[in-house]
Amino acid sequence: LTTPDIYNLEFIEIILHTYQWYFSEVELFSYLLARFSMNCPIGLSENEKRKFDEKVRFNVRHKVLLFIKQWFNLYKDILFVVNEMHVLFQEIIYL
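Residues numbered from 1 in each chain as written. Predicted model: local features only at pLDDT ≥ 70, side-chain atom pairs only at ≥ 80, totals over all residues. Heavy atoms only, no water.

### As for the packing of aromatic side chains
Put simply, the test is: Side-chain rings of Phe, Tyr and Trp (the six-membered ring for Trp) are treated as a pair once their centres are within 6.5 Å; stacked means planes under 30 degrees apart, edge-to-face means over 60, and tilted covers the remaining angles. Only DSSP runs of H or I reaching four residues or more are called helices, and only runs of E reaching two or more are called strands; each is numbered from the N terminus. Between buried and exposed lies partly exposed: a residue is buried under 20% and exposed over 50% of the maximum accessible area for its type, with that area taken using a 1.4 Å probe on protein chains only. Lysine NZ or arginine CZ positioned within 6 Å of the ring centre and within 35 degrees of the ring normal marks a charge as sitting over the ring.
Throughout the structure, instances matching the rule amount to 3 aromatic pairs. Note on Y19 and W71: the rings are 5.5 Å apart at their centroids and 85 degrees apart in plane angle, and the pair reads as edge-to-face. Of this pair, Y19 sits in the loop between α1 (9-18) and α2 (25-36) while W71 sits in helix α3 (residues 46-74); the two residues are 52 residues apart in sequence, bridging distant segments of the chain. Overall, Y19 belongs to the buried group, its relative accessible area being 1%. Where F23 meets Y31, the ring centres are 5.3 Å apart and the plane angle is 75 degrees; that geometry is what we call edge-to-face. With a relative accessible area of 49%, Y31 lands in the partly exposed category. Chaining the aromatic ring pairs together yields one cluster made of Y19, F67 and W71. Taking the ring centre of F36 as reference, the NZ or CZ of R61 above it sits at 4.7 Å.

Printed below as a string of structure tokens:
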């Protein structure tokens, strides 16, 4: 869903239409938040961490945000736990 090198809109649409069969909106959001908050692998040099941030973490975070945008466009009436949304957007602001 949020692999760094592939963006598959058709797959995202399928997930958005079927996720309710597997988990709630809050659970999905918590998975997205966990993915957005991913850490660098342990043991990387400073240069490797910088490259990881540029090539992997940035793309994953971008895709998480695109997924959330698609989700909101499809289900405009979704209600989330406000604190969880606040945490995500605060994290984005302070990048």
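Text resumes after the structure shown.
### Side note on the pattern of salt bridges
Note the cut-off: What counts as a salt bridge is simple: a side-chain nitrogen of Lys or Arg found within 4 Å of a carboxyl oxygen of Asp or Glu.
In this structure the tally under the stated criterion is 3 salt bridges. A salt bridge links K49 to E46; the nearest nitrogen and oxygen atoms lie 3.7 Å apart. Within this pair, K49 and its partner E46 are both found in helix α3, separated by 3 residues, close to a single helical turn. Residue classification places K49 among the partly exposed residues on the basis of a relative accessible area of 31%.

### Observations regarding the environment of K49
Under the convention used in this document: Residue contacts follow a heavy-atom distance rule, with two residues in contact if any of their heavy atoms lie within 4.5 Å.
Taking C-alpha positions, K49 is 9.8 Å from N39, a pair spaced 10 residues apart along the chain. Not counting residues within four places of it along the chain, the set of residues in contact with K49 comprises C40 and L44.

### Structural notes on the environment of S30
The following threshold applies: Side-chain atoms alone can form a polar contact between residues adjacent in sequence; in general such a contact is a pair of N or O atoms within 3.5 Å, and within protein one must be able to donate a hydrogen while the other accepts it.
Within the fold, S30 resides in helix α2. There is a polar contact of 2.7 Å between the side chain of S30 and the backbone oxygen of E27.

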